[in-house]
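# Report on the structure
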Amino acid sequence: MEAIRELLRSNARQYGMVIALAVIVVLFQILTGGLLLRPLNITNVIMQNSYVLILAIGMMLVIVTGNIDLSVGSVVAFTGAVAAVLLTDVGLPVYVVIPLALAMGGLIGAWQGFWIAYVHIPAFIVTLAGMLIFRGATLIVLGGRSVGPLPDSLRMWASGFVPDVVPDGPHLLTLALGAAGAAALVWIQWRVRARSLRHGLPAPAAGLTAAQSAATVVVVMLFAYALADYNGIPVVGLLLLVLIVGYSFLMKSTTIGRRVYAVGGSEKAARLSGVKTQRTTFWVFVNMGVLSALAGLVFTGRLNAATPGAGEMFELDAIAAAFIGGASASGGVGTVMGAIVGALVMGVMNNGMSIIGLGVDWQQAIKGLVLLAAVAFDIYNKRRVGFGRGGGVPAFLRSSRSRPDGPDGPGAAAAEQPDEPAAASGGGR
């Protein structure tokens, strides 16, 4: 019991949001009369929030480095607009437009990453400028009109389903993909534990890891079965599964992930240990640009058109998902699964409140209160465990040359991350 209490105490933000998500699901399942967890509605929740889930993964990496990106909504709109024009007006095929759109997102991320990482302009300012620039560029590209309809092959990204090998009964391919995803997540959990033990770092007991793995398998398989009972896994759901597993492995089990945590924990210590901090920050923003372009393709395909107002407030949804999922504005803390949980909290709340007929005014107010409560809980948890970093200027408002280090600076965030050791020396290997 002491080990369990210590595990919950050291992972309060992560497990707290999982418990909160479960409570929200149960609450709206009751309020909606059982409609929330119907297979059709679960599929709708995935499709409606797919672009936020994609953006939340990239935003989590950005926030872990102690930065912020306010431009992702505008980049979603711009890349979607350019892709739609290339498909409809120019007539390029989808298999050419998709790589071009992703490359364009990468170039946009490189542009912003250069100013942030090498010129040391605060990310808040650079990405705020990017938000205005690419929103204006979207209006220029579209000329104030909507461009569509789009080819069926692009719409499949956002609204199509993976075909099954057997036409009758539950969608077997969905169940197989769910089992593969659960196995991959369990493997990552045990790999992280083995790595921590090998390096003499604190690690949960084998029984606790086994319980966590069992819970992961149960949740994933129940989710897969619900999808299999309808039309199977959506194409965008398969894409999300690949992104979640891939980025979880990247952040938990690779040197690249350790470097990202090291930069967010203490940039000065990471640099002195041999980590190329500027290059790490630069590539994190390139990654954010690529994921923004991917979200733009998914959102444009779902609408079947590119519109001037696309992507509005998406940056706030992605930032809220990361913070609700346990990321810290001071940097150095955050997980991929936490960002996914945070995005699902927002998505389930939106869906549930819409089903019960709650007005948009109340929906916005409630979501704002949830975000405020999540950040307040983050600050309370830091103070409770002895990290006095509740106040001060957030890391993304400071240039990389002026971030304080020391026991009360961002370096303390590394010690709060139990699964991803943020020791800068590990990133320099």
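Computed from a predicted model, the values in this text were never measured in an experiment.

## Quick word on the packing of helix 4 (residues 50-64) against helix 14 (residues 277-303)
In contact at an axis separation of 9 Å, helix 4 and helix 14 are set at 175° when each is read in the N-to-C sense. Judged on the interaxial angle alone, helix 14 and helix 4 are roughly antiparallel. Packed against helix 4, whose contacting residues are S50, Y51, I54, L55, I57, G58, M59, L61 and V62, the element helix 14 presents V284, F285, N287, M288, L291, S292, L294, A295, V298 and F299 at the interface. Per-class residue counts for the contact of helix 4 with helix 14 are 15 nonpolar, 4 polar and no charged.

## Considering a nonpolar patch on the surface
On the surface, L27, L31, L35, I355 and I356 cluster together into a nonpolar patch covering about 390 Å² of accessible area. Looking at where I355 falls in the secondary structure, it is placed in helix 16 (residues 336-355).

## Concerning the confidence of the model for the protein chain
Caution is warranted with low-pLDDT regions, since their predicted coordinates should not be read in detail. Counting all residues, the mean pLDDT for the protein chain is 81, and 83% of those residues have values of 70 or more. Across residues 400-429, where pLDDT falls below 50, the model places 84 contacts with residues more than four positions away in sequence or in other chains.

## Looking at the nonpolar core
Ranked by size, the top nonpolar core spans 57 residues in total, and within it I54, L55, I57, M59 and L291 carry the most contacts. The leading source of residues in this core is helix 4, at 13 residues. With sequence-adjacent residues up to four places away left out, L55 is seen in contact with V72, V76, M288, L291, S292, A295, F314 and A318. Listed in part, the 22 residues of the second largest apolar core include A83, V97, A101 and L150.

## Things to note about the packing of helix 4 against helix 15 (residues 314-324)
Two numbers describe how helix 4 lies on helix 15: the axes approach to 8 Å, and their chain directions differ by 65°. Relative to helix 15, the crossing made by helix 4 is right-handed. Contact with helix 4, carried on its side by Y51, V52, L55, A56, M59, M60 and I63, involves F314, E315, D317, A318, I319, A321, A322 and F323 of helix 15 and no other residues of that element.

## Digging into the layout of surface pockets
Its boundaries defined by the atoms lining it, the second largest pocket holds a volume of some 630 Å³. D317, M346, N350, Q364 and K367 are, among the 28 residues lining the second largest pocket, the residues nearest its centre. For the lining of the second largest pocket, the secondary structure elements donating two or more residues are helix 4, helix 15, helix 16 and helix 17 (360-385). The element best represented in the lining of the second largest pocket is helix 17, accounting for 7 residues. Each residue belonging to the lining of the second largest pocket can be placed in one class, and the counts come to 16 nonpolar, 9 polar and 3 charged.

## Regarding the packing of aromatic side chains
Under the defined criterion, the tally for this structure stands at 10 aromatic pairs. Ring centres 4.6 Å apart and planes at 15° place the aromatic pair Y51 and F314 in the stacked group. A residue pair is termed long-range when its members are at least 10 positions apart, and Y51 in helix 4 and F314 in helix 15 qualify at 263 residues. This pair shows no difference in class: Y51 is buried, exactly as F314 is. Three or more aromatic residues link up through ring pairs in this structure, and these residues are W111, F114, W115, Y118, F282 and W283.

## A short note on the environment of A203
With respect to the element layout, A203 can be found in the loop between helix 9 (172-198) and helix 10 (206-228). Along the chain, A203 and R193 lie 10 residues apart, while their C-alpha atoms are 5.7 Å from each other. Once you skip the residues sitting within four places of it in the chain, A203 turns out to touch R193, S196 and L197.

Cut-off values and rules
Residues numbered from 1 in each chain as written. Predicted model: local features only at pLDDT ≥ 70, side-chain atom pairs only at ≥ 80, totals over all residues. Heavy atoms only, no water. Axes fitted to C-alpha atoms, helices over the stretch in contact; angles between N-to-C directions. Helix = DSSP H or I, 4+ residues; strand = E, 2+ residues; numbered from the N terminus. Parallel < 35°, antiparallel > 145°, perpendicular 65-115°, else oblique. Contact = heavy atoms within 4.5 Å. Nonpolar A, V, L, I, M, F, W, Y, C, P; charged D, E, K, R; others polar. Patch = residues over 30% accessible without salt bridge, like charges linked within 9 Å, V, L, I, M, F, W, Y side chains within 5 Å. Areas by Shrake-Rupley, 256 points an atom, 1.4 Å probe, with all protein chains shown as cover. Salt bridge = Lys/Arg side-chain N within 4 Å of Asp/Glu carboxyl O. pLDDT = per-residue confidence, 0-100. Core = buried A, V, L, I, M, F, W, Y, C linked by side-chain atoms within 4.5 Å. Buried < 20%, exposed > 50% of the residue type's maximum accessible area, 1.4 Å probe, protein only. Left-handed = near helix turned anticlockwise from the far one by under 90°. 1 Å grid on protein atoms, 1.4 Å probe; cavity = no way out; pocket = protein on both sides within 12 Å on 5 of 7 lines; lining within 4 Å. Points joined across faces, edges and corners; volume = space filled by probe spheres on them. Phe/Tyr/Trp six-rings, centres within 6.5 Å; stacked < 30°, edge-to-face > 60°.

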